[in-house]
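Residue strings, one per chain:
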Amino acid sequence: MLGGLLRASHLTTIEDLPGLLAEHAALVGFSQIMIYVPDLQQKFLLPLPGQLDVRGKPLDPLRIDVTVAGRAFRDLDVVAAPQAPDLLAGEQVIAAAAPEQRRLWVPMLDGAERIGVLGVTVPTDNETNRWRAKRLGTLMALLVVTKRDRSDAYACLVRAHPMTLSAEVLWNLMPASTFANDRVVISASLEPAYDVGGDTFDYAMRGDIAYLAIFDAMGHDTAAGLTASIAVGSYRNSRRRGLGLIETSELIDKAIDDQFGGGRFATGVLAMLDTKAGWLAWVNRGHPPPLVLRRGRQVATLDEAPPSPPMGLRLGVSSGISRYHLEPGDRLLFYTDGIIEAHSPQGEPFGMDRFTNFVLRWEADGVSAPETGRRLIRSVLDHQHGVLQDDATVMLVEWRTERHRKFAM
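Worth saying up front: this structure is predicted, and the values here are computed from it rather than measured. (Residues numbered from 1 in each chain as written. Predicted model: local features only at pLDDT ≥ 70, side-chain atom pairs only at ≥ 80, totals over all residues. Heavy atoms only, no water.)

### Remarks on the pairing of strand 8 (residues 113-122)
Now for step 1: The buried fraction of strand 8 amounts to ten of the ten residues, a majority that puts the element mostly inside the structure.
Now for step 2: Strand direction decides the pairing type here: strand 1 (residues 31-38) and strand 8, joined by four bridges, are antiparallel. Residue pairing across strands places Tyr36 opposite Val117, the latter belonging to strand 8.
Now for step 3: Once strand 7 (residues 102-110) ends, the chain turns through two residues before running back antiparallel as strand 8, passing Gly111 with a positive phi of about 70 degrees. (Buried < 20%, exposed > 50% of the residue type's maximum accessible area, 1.4 Å probe, protein only. Helix = DSSP H or I, 4+ residues; strand = E, 2+ residues; numbered from the N terminus. Pairing = 2+ DSSP bridges.)

So, in structure tokens, the structure goes:
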């Protein structure tokens, strides 16, 4: 099943994947295959094009927060639903089946990045079929990842609204929202997804070092998007040349000033995490200080040195590199001011206390970093009744979390 699917996938598009999957999954008795991917804001699971239910109608979207399929996506685990005539599994009608048959919803994971969910009916819910379903979900995640960036069909599918030019540029500039290896998990969430102005993030690995950055460019227009693009481009160029944090921030400062002549700026935090030893080094250029969370409480605010001026004003660096030694399981929290400064229509600020309490509560409940970020952004949106006054971005970095290792299927 897996080998044949992999061989057949080389000359296919993302629209071909559902049919290809159904053909090969039938070899082990799997039926009623469905592939769903999340929308840009991770509110819904959307079926890949061309899939039909048992009535011959196109599949409907499924809400992530209230369906069985959404639970598999949220919890990063296989969820079984009983199979019966006209049973609503998520929001889909499933055909009558033998009593021993079960409907499995399987998270499609690339590391810790949630690519979507796979729905499959198995002849019997046993260890062997769950093992097969998990491996099938893993392979489908990899196939979707390899096909999606070259598919406008996928880009259009995951959008619920038209996207501004600035957002189009920034979404294509940013890396995947989640990355994980056996030492670190990095996950970021950003809103407003379709109208983001100047917020952006970046990360990369080189050996044992995780390079981390978050930026907030002045304004909420196309010029803000261009400022953020210059910041990320300069950051990557300097990072790949092996330059240090201070020199890198100064070159970003110069690049923005060269383009706008002092009329634009961006705040940001540039950091390096030694994922072997747990040492974090960072430079803060006028940005809200990152937080350190440990075992359900906040243990540090990383503001030991006064922040240097924002980048783009050519005011120089007023402080050096700061350092902090993490403990295994610590979670770093980078964010932009749009998170804590969000106001409800009645004028109530979201605030730092609400921000940290939300994250700490979900951390205590064992919620993964990607799901924590998703829920946090949903909470900020709910606080403002769905209308943000500013970009809101959060990036969570977990060092050595056993919790995430078990989800590598």
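The structure having been displayed, the exposition proceeds.
### Some words on the sheet that holds strand 10 (residues 184-191)
Note: strands within a sheet are paired through backbone hydrogen bonds, in either parallel or antiparallel orientation.
Now for step 1: On the basis of which strands lie adjacent, the open sheet formed by six strands has the order 9-10-19-18-15-16 and antiparallel pairing. At either margin of the open sheet sits one strand with a lone partner, and together these are strand 9 (178-180) and strand 16 (297-301). Pairs of neighbouring strands in the sheet enclose a mean axial angle of 20 degrees, with direction left out of account.
Now for step 2: One ladder, built from five bridges, connects strand 18 (residues 331-335) with strand 19 (residues 392-399); its direction is antiparallel. Each residue of the ladder has a partner; that of Phe334, found in strand 19, is Met395.
Now for step 3: Packing of helix 10 (residues 352-364) onto the sheet brings it into contact with strand 15 (291-294), strand 16, strand 18 and strand 19, and relative to strand 15 it is tilted by some 35 degrees.
Now for step 4: Contacts from helix 11 (residues 369-383) reach strand 9, strand 10, strand 18 and strand 19 within the one sheet, and its direction differs from that of strand 10 by about 20 degrees. (Axes fitted to C-alpha atoms, helices over the stretch in contact; angles between N-to-C directions. Contact = heavy atoms within 4.5 Å.)

### Some words on unusual backbone geometry
Now for step 1: Positive phi, normally seen in glycine, also occurs at Gln32, with a value near 50 degrees.
Now for step 2: Within the secondary structure, Gln32 sits in strand 1.
Now for step 3: Of note in this structure, Gln42 is not a glycine but carries a positive phi near 55 degrees.
Now for step 4: Tracing the chain through its elements places Gln42 in the loop between strand 1 and strand 2 (44-47).

### Observations concerning the sheet that holds strand 11 (residues 199-206)
Now for step 1: The strand order 11-12-13-14-17 describes an open sheet built from five strands, whose pairing is antiparallel. Looking at which strands have only one partner, the edges of the open sheet turn out to be strand 11 and strand 17 (322-325). Strand-to-strand, the axes of this sheet are offset by a mean angle of 15 degrees, without reference to chain direction.
Now for step 2: Strand direction decides the pairing type here: strand 13 (residues 266-274) and strand 14 (residues 279-285), joined by six bridges, are antiparallel. The residue of strand 14 that forms the bridge with Val269 is Asn284.
Now for step 3: Where helix 8 (residues 245-260) meets the sheet, its contacts fall on strand 12 (209-217), strand 13 and strand 14, and the angle it forms with strand 14 comes to roughly 25 degrees.

### Notes on the pattern of salt bridges
Now for step 1: A complete count under the given rule lists 23 salt bridges for this structure.
Now for step 2: One salt bridge connects Arg55 with Asp53, and the closest N-O pair in it is separated by 2.7 Å.
Now for step 3: Taking relative accessible area as the criterion, Arg55 reaches 47% and is therefore assigned partly exposed.
Now for step 4: Overall, Asp53 belongs to the buried group, its relative accessible area being 8%.
Now for step 5: A network of salt bridges, in which partner residues are shared, links Asp65, Arg114, Glu371, Arg374 and Arg375. (Salt bridge = Lys/Arg side-chain N within 4 Å of Asp/Glu carboxyl O.)

### Comments concerning helix 8
Note on helix geometry: an α-helix contains 3.6 residues per turn, so any two residues three or four positions apart are oriented the same way.
Now for step 1: Taking 1.5 Å of rise per residue, the 16 residues of helix 8 would be expected to cover 22 Å, and the 23 Å separating its terminal C-alpha atoms lies within 8% of that figure.
Now for step 2: Along helix 8, the positions that sit buried rather than exposed are Leu245, Thr248, Ser249, Ile252, Asp253, Ile256 and Asp257.
Now for step 3: Close packing links the buried residues of helix 8 with strand 12, helix 7 (222-240), strand 13 and strand 14. (Expected span 1.5 Å × (residues − 1).)

### Notes on the pairing of strand 15
Now for step 1: Burial of strand 15 is two-sided: the residues Leu291 and Leu293 facing one way and the residues Val292 and Arg294 facing the other way are all buried.
Now for step 2: Pairing of strand 15 with strand 16, which is carried by four bridges, proceeds in the antiparallel orientation. Bridging across to strand 16, Val292 finds its partner in Ala300.
Now for step 3: Relative to strand 18, strand 15 runs antiparallel, the two being bridged by three bridges.

### Points about the environment of Leu326
Now for step 1: With respect to the helices, strands and loops of the structure, Leu326 is situated in the loop between strand 17 and strand 18.
Now for step 2: Among all residues touching Leu326, those that are not within four sequence positions of it are Leu273, Gly278, Val292, Leu332 and Trp399.

### Comments concerning the packing of helix 2 (residues 17-25) against helix 4 (residues 127-148)
Now for step 1: Helix 4 packs onto helix 2 with a crossing angle of 155 degrees between their chain directions and a minimal axis gap of 12 Å. The angle between helix 2 and helix 4 falls in the class roughly antiparallel. Viewed along their axes, helix 2 and helix 4 form a crossing whose handedness is right-handed. Here Leu17, Leu21 and Ala25 of helix 2 come into contact with helix 4, specifically with Leu136, Met140, Leu143, Val144 and Lys147. (Parallel < 35°, antiparallel > 145°, perpendicular 65-115°, else oblique. Left-handed = near helix turned anticlockwise from the far one by under 90°.)

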